[in-house]
Amino acid sequence: MAGSAATLHTGVASPEITAGQPKFEADPQISEGFLVGGIVVIDPVNTNLQNGHQIRLDRYTMADGNIYEMEFTQPSEPRSDTAIVDTTPWLVGREGFNAKVNGRFNDMGYPTIFVSPVDKALAATLRDSVHNMDYIVSHVLKNSDLRPSVLGYGSSRAAAIALGLGNMEYTDVIAPCFPRPPKAEELPETIIQAGFEAVELGRHLLRIGPRGITNQRKTFSKKPADWQHYLKVIPKLWNGDAGRLSWTNHETPTHITLLDKDGWSQADIWEGMTDERPNMTIKMMKGRHMRIPDPKVLAGPFHRFDALAEMRGIDGDFNEDMLQEVRELDLPPSEKTNRLGNLSLSTIIKAGYGLAAARA
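Bear in mind that the values here come from a model prediction, so they are computed numbers and not experimental data.

**Looking at the overall build of the protein**
Right, so step 1: Tallying secondary structure elements over the protein gives eleven helices and ten strands in all.
Right, so step 2: Sorting the 360 residues of the protein into buried and exposed places 51% on the buried side.
Right, so step 3: Taking the intrachain contacts of the protein between residues at least 6 apart in sequence as the baseline, contacts between residues at least 24 apart amount to 71%.
Right, so step 4: Carbon and sulfur atoms make up 54% of the accessible area of the protein, which amounts to about 17,000 Å² in all.

Following this line, the structure appears as structure tokens:
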């Protein structure tokens, strides 16, 4: 693991970077004094290798004072020149569960840009989070060889943010919450659901067992100040920004997985949007909100992203027919009964294409 590099001060009073200016060094040693959109300071933290994947962690201080950690991972065997972009769900940090999900994308051959709020940024509105994340993602892409557009993924709070990000080719999210503010008469049910979700979380812990709990022990923060920010943000998650932000990309091919006993996701509101958004596909599954980490729920997005890499190639076009086919894909019956991690989805897809060709 490399030591921390010098901080790059971009300088609030300095001009924005414009086309034609040289890119920053990957490991900058001296300030150039530029303001990069809403970015004030970029502080490289470290770089390392994990399972052959190259991971760089930087810390961004934004003009509004919020701080974010950005983990940029380039896979050991790339299958796509387009990064999957993600952030943290409510209550969940960068490590543990999220590291496992992003590691799965990297194993598929996708680069990932994972942005995590730090300290008071945990209490930022969805709208402010999208605003800052767009600047960070844009800066990473400008200083890389990747395509300038991205693929969006996320669950819960992260799903709502993913639906509002710019320059997306395709989005696949799980259980985005509160597309409209809850009505007064819905508040008791909204609060009571938390008790049922605790039971659902308990089921998940039993499912993954002691070894899984140990591997994902860093999923939840141990800092009391973080939990104060998590509580403070609740009204901001309920304010309907999720629904409003989703219209930013109303023409982007989108797949949303919803859970039938999850009142927080307000499935009827998302389903109602499909009348005006022909590029949106809704998939209903059984369960409550905390079923999100169930391998059977995660397998759907993994399958569709894997299929997209197979269909497109490393740098092919994102054509309309391909994206329509991908967003409507469901798991084959054989995959629905297997545990996550025991599958090579790309191998299955290739075998399926080979079988179809043989029959033809």
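The discussion continues.
**As for helix 1 (residues 97–108)**
Right, so step 1: For helix 1, which comprises twelve residues, the first-to-last C-alpha distance of 17 Å matches the rise-based estimate of 16 Å (1.5 Å per residue) to within 8%.
Right, so step 2: All of the buried residues along helix 1 are Phe97, Asn98, Val101, Asn102, Arg104, Phe105, Asn106 and Met108.
Right, so step 3: Positive backbone phi, approximately 105°, marks glycine 109, located one or two places after helix 1.

**Details of the packing of helix 2 (residues 126–142) against helix 3 (residues 157–164)**
Right, so step 1: It is the contact of helix 2 with helix 3, at a shortest axis distance of 9 Å, that shows an interaxial angle of 60°. The angle between helix 2 and helix 3 places the two elements in the oblique class. Judged by the twist between their axes, the crossing of helix 2 over helix 3 is right-handed. Counted together, Leu126, Ser129, Val130, Met133 and Asp134 of helix 2 and Arg157, Ala160, Ile161 and Gly164 of helix 3 form the full contact between these two elements.
Right, so step 2: Its residues assigned to classes, the contact of helix 2 with helix 3 shows five nonpolar, two polar and two charged.

**Notes on the packing of aromatic side chains**
For any pair of aromatic rings, the description consists of the separation of the ring centres together with the inter-plane angle of the planes.
Right, so step 1: Summed over all chains, the structure comprises seven aromatic pairs.
Right, so step 2: For the ring pair tyrosine 170 and phenylalanine 305, a centre distance of 5.7 Å and an interplane angle of 75° mean the geometry is edge-to-face. Separated by 135 residues along the polypeptide, tyrosine 170 in strand 8 (residues 168–174) and phenylalanine 305 in helix 8 (residues 295–312) bring together distant segments of the chain.
Right, so step 3: Of the residues examined, tyrosine 170 reaches a relative accessible area of 0% and is grouped as buried.
Right, so step 4: Taken together, the ring pairs in this structure connect Phe105, Tyr110, Tyr153, Tyr170, Phe302 and Phe305 into an aromatic cluster.

**Considering helix 8**
Right, so step 1: With 18 residues, helix 8 extends 25 Å between its outermost C-alpha atoms, agreeing within 8% with the 26 Å of an ideal straight helix rising 1.5 Å per residue.
Right, so step 2: Burial runs high along helix 8: 15 of the 18 residues are buried.
Right, so step 3: The opening residue of helix 8, the one whose side-chain oxygen lies 2.9 Å from the backbone nitrogen of lysine 296, is aspartate 294.
Right, so step 4: The positive-phi residue at the C-terminal boundary of helix 8 is glycine 313, with phi of around 85°.

**Some details on the pairing of strand 8**
Right, so step 1: With seven of seven residues buried, strand 8 lies mostly within the body of the structure.
Right, so step 2: At this point the chain moves from strand 7 (residues 150–155), through helix 3, to the parallel strand 8, and the crossover so formed is right-handed.
Right, so step 3: Of the pairings in the sheet, the one linking strand 8 to strand 9 (residues 254–259) comprises four bridges and is parallel in character. Looking at strand 9, one finds that isoleucine 174 is bridged to threonine 257.

**Concerning the pairing of strand 9**
Right, so step 1: With six of six residues buried, strand 9 lies mostly within the body of the structure.
Right, so step 2: Residue alternation in strand 9 divides its side chains into two sets, Thr254, Ile256 and Leu258 and His255, Thr257 and Leu259, and both sets are buried.
Right, so step 3: Alignment of strand 9 against strand 10 (residues 280–285), held across six bridges, turns out to be parallel. Residue leucine 259 lies in a different strand from strand 10, and its bridge partner there is methionine 285.
Right, so step 4: On the question of chirality, the crossover connecting strand 9 to the parallel strand 10 by way of helix 7 (residues 267–273) is right-handed.

**Here we look at the nonpolar core**
Right, so step 1: Ranked by internal contacts, the top residues of the largest apolar core, which has 41 residues, are Tyr60, Met70, Ile113, Val115, Ile136 and Val137.
Right, so step 2: Considering each element in turn, this core owes the most residues, seven residues, to helix 2.
Right, so step 3: Setting aside its immediate chain neighbours within four residues, valine 137 contacts Val85, Ile113, Val115 and Val150.

The rules behind each value
- Residues numbered from 1 in each chain as written.
- Predicted model: local features only at pLDDT ≥ 70, side-chain atom pairs only at ≥ 80, totals over all residues.
- Heavy atoms only, no water.
- Helix = DSSP H or I, 4+ residues; strand = E, 2+ residues; numbered from the N terminus.
- Buried < 20%, exposed > 50% of the residue type's maximum accessible area, 1.4 Å probe, protein only.
- Contact = heavy atoms within 4.5 Å.
- Areas by Shrake-Rupley, 256 points an atom, 1.4 Å probe, with all protein chains shown as cover.
- Expected span 1.5 Å × (residues − 1).
- Axes fitted to C-alpha atoms, helices over the stretch in contact; angles between N-to-C directions.
- Parallel < 35°, antiparallel > 145°, perpendicular 65-115°, else oblique.
- Left-handed = near helix turned anticlockwise from the far one by under 90°.
- Nonpolar A, V, L, I, M, F, W, Y, C, P; charged D, E, K, R; others polar.
- Phe/Tyr/Trp six-rings, centres within 6.5 Å; stacked < 30°, edge-to-face > 60°.
- Polar contact = N/O pair within 3.5 Å; in protein donor to acceptor, adjacent residues only side chain to side chain.
- Right-handed = clockwise from strand over helix to strand, strands pointing away.
- Pairing = 2+ DSSP bridges.
- Core = buried A, V, L, I, M, F, W, Y, C linked by side-chain atoms within 4.5 Å.

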